[in-house]
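Fold and contact review
Spelled out, the chains give:
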Amino acid sequence: DKIGKCNSTLVIGDGYASMTSLLIDSNFSSKIILINLNKQLMVDLFFIKKYLGEEKFNSSVALVTNEDDAKLLSNKTNSFSIIAIQAENHSLVQHFDVDLVLNVVSMGEMNIGTLSEYFYDIRKLCRRNKNLYFYCCNRIEKKFPDGTVTKFSDYPWKKDDVILVDELCPWTQQYYSFIPPFYRNYDGPIIHQLRLMSK
């Protein structure tokens, strides 16, 4: 209700195209830009293809790997409604107009350097759209095997961001698995925020 329908939504990390499928099914966003690591992106695209069917998939989905393609497909009149970008090429998203950024639990798996790169992309997107919203749902704190700790509160937020929602997430305290038990608790509570991002 706070956002309304979006022209373009960026999904950073998606498990089995879950968020992308919801966006397609709800007709919430005219264009979806999906960024993921190579193997996970292949899985996302596999499930999107199963969901859409081969013919619609071929006419609706494009993989962007270079700046020229990004500039071409950022044109609002192009026919592709789903743009896939490999994580190593994440900066290509800066060529698109985005209204909403979504990230569910995957930023909690990133080191602070990678997090900072994605936030840099998001701030660049703010310059293209004065009303850019970011829904971020991640662990309050994550400790990595090497002892490094990342905290949600330490993400590269800005004091001028407008926080619209800030609470423990009521629906993402567990993750799913194909092996019983099918739902397992995350190793720490998950917080979610919806922010109107500052430039």
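Up top is the structure these notes are about.
Below or above, wherever it landed, is the structure these notes cover. (Residues numbered from 1 in each chain as written. Predicted model: local features only at pLDDT ≥ 70, side-chain atom pairs only at ≥ 80, totals over all residues. Heavy atoms only, no water.)

**Brief notes about the pairing of strand β2 (residues 29-36)**
For clarity, the cut-off: Exposure is judged per residue with a 1.4 Å probe applied to protein chains only, and the accessible area is read against the type maximum: over 50% gives exposed, under 20% gives buried, and values in between give partly exposed. A helix here means a DSSP run of H or I that spans at least four residues, while a strand means a run of E at least two residues long, and both kinds are numbered starting from the N terminus. Should DSSP find at least two bridges between two strands, the strands are taken to pair. If you view a crossover with the strands going away from you and the path from the first strand over the helix to the second runs clockwise, you call it right-handed.
By the criterion of burial, β2 is predominantly enclosed, with 7 of the 8 residues buried. Both strand β1 (residues 6-12) and β2 contribute to a ladder of 6 bridges, which runs parallel. Note that in β2 the partner of Ile-12 across the bridge is Ile-35. In the classification by handedness, the crossover that spans β1, the intervening helix α1 (residues 18-26) and the parallel β2 is right-handed. Both β2 and strand β4 (residues 82-86) contribute to a ladder of 5 bridges, which runs parallel. Across the sheet, the residue bridging to Ile-32 is Ile-82, located in β4.

**Details of the packing of aromatic side chains**
Condition: Centres within 6.5 Å make a pair out of two Phe, Tyr or Trp rings, where for Trp the six-membered ring is used; the pair is then stacked when the planes are under 30 degrees apart, edge-to-face when over 60, and tilted otherwise. A ring is scored as having a charge over it whenever the NZ atom of a lysine or the CZ atom of an arginine sits within 6 Å of its centre and within 35 degrees of its normal.
Taken as a whole and assessed by the stated rule, the structure comprises 12 aromatic pairs. For the ring pair Phe-46 and Phe-47, a centre distance of 5.4 Å and an interplane angle of 90° mean the geometry is edge-to-face. Through pairs of rings, three or more aromatic residues link up here, namely Tyr-16, Phe-46, Phe-47, Tyr-176 and Phe-178. Lys-142 extends its terminal NZ or CZ atom over the ring of Phe-144, reaching a point 5.7 Å from the ring centre. The side chain of Arg-195 reaches across the aromatic face of Trp-157, ending 3.9 Å from its centre.

**Here's the deal with the side chain of Arg-195**
Stated precisely, the cut-off is as follows: Residues adjacent in sequence count toward polar contacts only when both atoms are side-chain atoms; beyond that, a polar contact is any pair of N or O atoms within 3.5 Å, and within protein one must be able to donate a hydrogen and the other to accept it. By definition, residues are in contact when any of their heavy atoms lie within 4.5 Å.
Assignment of secondary structure puts Arg-195 in strand β12 (residues 190-196). Arg-195 gets classed as buried once you look at its relative accessible area, which sits at 7%. At 2.6 Å, the side chain of Arg-195 and the side chain of Gln-193 are in polar contact. Every residue in contact with Arg-195, bar those within four places of it in the chain, is listed here: Leu-132, Tyr-133, Phe-134, Trp-157, Lys-158, Asp-161, Val-162 and Ile-163.

**Digging into the nonpolar core**
Stated precisely, the cut-off is as follows: Joining through side-chain atoms within 4.5 Å is the link that ties buried Ala, Val, Leu, Ile, Met, Phe, Trp, Tyr and Cys residues into a set, and such a set is a nonpolar core.
Membership of the largest hydrophobic core comes to 32 residues, with the highest contact counts inside it found for Leu-10, Ile-85, Met-107 and Phe-134. Mapped by element, the contributors of at least two residues to this core are β1, β2, β3 (61-64), α4 (67-73), β4, α5 (112-128) and β6 (133-139). Contact partners of Phe-134, with chain neighbours within four places excluded, come to Val-101, Asn-103, Met-107, Phe-119, Ile-122, Trp-157, Gln-193, Leu-194, Arg-195 and Met-197. Leu-34, Tyr-135, Cys-137 and Leu-194 belong to the second-largest nonpolar core, a separate cluster that totals 25 residues.

**Let's talk about the environment of Ser-21**
Locating Ser-21 in the fold gives a position in helix α1. Spatially, the C-alpha atoms of Ser-21 and Leu-52 are 9.1 Å apart, while their sequence positions differ by 31 residues.

**So, unusual backbone geometry**
With omega at -5°, the peptide bond leading from Pro-180 into Pro-181 counts as cis. With respect to the helices and strands, Pro-181 occurs in the loop between β10 (174-176) and β11 (183-185). Positive phi is not limited to glycine here, since Asn-27 has a value of about 55°. Topologically, Asn-27 is positioned in the loop between α1 and β2. At Val-105, a position not held by glycine, the phi torsion is positive, near 65°. By the secondary structure assignment, Val-105 is in the loop between β5 (100-104) and α5.

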